[in-house]
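Coordinates in review
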Amino acid sequence: AVVAQSKPTDQASFWGLDRSWDVKITVTGEVLKALYPKGQTRMGLSQRGRFKYSKGSVEIAGHKLAEVGLRFKGNSSYWSTPSSLKKSFKLDFNRFIDDQNFLGLKKVNLQNNVTDPYQIREAVSYRVYREAGVPAGRTCFARVYLTVEGNEKLQNAYLGSYTIVEQVDREFLGNKFGGEKRGLILKPEGRVMPYLGRAWNEEYE
């Protein structure tokens, strides 16, 4: 991938294995501290300690967006970087500003590729799925920078190379299934997905 010089004008010009964009995240010191979950245990996060959204500004591929929801994400990718700021992030563009989006996208994921020394496995795997006819997220690459206001050491600090991955949501369904955004989206947790019956309570929604 080469670092693109011009701003993308639509999703088609944003995604691609030959695209690498600069992503610049700016937060306050309080926000950076709030990104770290509470309730950590040796086995992971407690129910109370899940990743929480905080507010920051993001410049992605030359597009500036204010009051973006951002949080850490991942499991092994988070716990494998205990002393590093190179965490995986989820960016939610309309969490705090209704209808704010980036090229029509409501969310994207910044994957830190911490378990991949080649930094390309996830992007290539998604392409293989798509070419096989399996709906899979689109990807591109990014160089991610972090600025923490008031912190002299963290001014446009380079976090590393990331993969940007499309969010699986109703917009994804619409793109993959002829505009139809209705459907059941599941994310299995753990090794099994137990049958919870026909009436799920809020704990599992």
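Bear in mind that the values here come from a model prediction, so they are computed numbers and not experimental data.

1. Digging into the side chain of Q111
Structurally, the position occupied by Q111 is in strand β8 (residues 107–111). A distance of 2.9 Å separates the side chain of Q111 from the side chain of K73, its partner in a polar contact. Not counting chain neighbours up to four residues away, the residues in contact with Q111 comprise K73, S88, E122, Y162, T163 and V165.

2. Structural notes on the nonpolar core
F14, I25, F89 and I164 are the most contacted members of the largest nonpolar core, which totals 36 residues. At the level of secondary structure, the elements contributing two or more residues to this core comprise β2 (19–28), α2 (29–35), β5 (54–60), β6 (63–73), β7 (88–92), β8, β9 (139–149) and β10 (157–166). The residues touching I25, leaving out its near neighbours within four places in the chain, are S57, V58, L70, F89, L110, V144, Y145, L146 and T147.

3. Side note on the pattern of salt bridges
Summed over the entire model, instances satisfying the criterion amount to 10 salt bridges. Its salt-bridge partner being R127, residue E131 comes within 2.9 Å of it at the nearest N-O pair. A residue pair is termed a helical-turn pair when its members lie 3 or 4 positions apart in one helix, as E131 and R127 do in helix α4 (residues 121–131) at four residues. Under the relative-accessibility criterion, E131 is labelled exposed at 60%.

4. Focus on the environment of K86
Take K86: it is sitting in the loop between α3 (76–79) and β7. By relative accessible area, K86 is classed as buried at 17%. Separated by 25 residues in sequence, K86 and Q111 place their C-alpha atoms 9.4 Å apart. If sequence neighbours within four positions are ignored, K86 has contacts with T81, N112, Q119, L159, G160, S161 and Y162.

5. Considerations on the environment of S20
By the secondary structure assignment, S20 is in strand β2. Accessibility expressed as a relative area gives 8% for S20, which makes it buried. Between the C-alpha atoms of S20 and T163, which are 143 residues apart in sequence, the distance is 8.8 Å.

Calculation notes
- Residues numbered from 1 in each chain as written.
- Predicted model: local features only at pLDDT ≥ 70, side-chain atom pairs only at ≥ 80, totals over all residues.
- Heavy atoms only, no water.
- Helix = DSSP H or I, 4+ residues; strand = E, 2+ residues; numbered from the N terminus.
- Polar contact = N/O pair within 3.5 Å; in protein donor to acceptor, adjacent residues only side chain to side chain.
- Contact = heavy atoms within 4.5 Å.
- Core = buried A, V, L, I, M, F, W, Y, C linked by side-chain atoms within 4.5 Å.
- Buried < 20%, exposed > 50% of the residue type's maximum accessible area, 1.4 Å probe, protein only.
- Salt bridge = Lys/Arg side-chain N within 4 Å of Asp/Glu carboxyl O.

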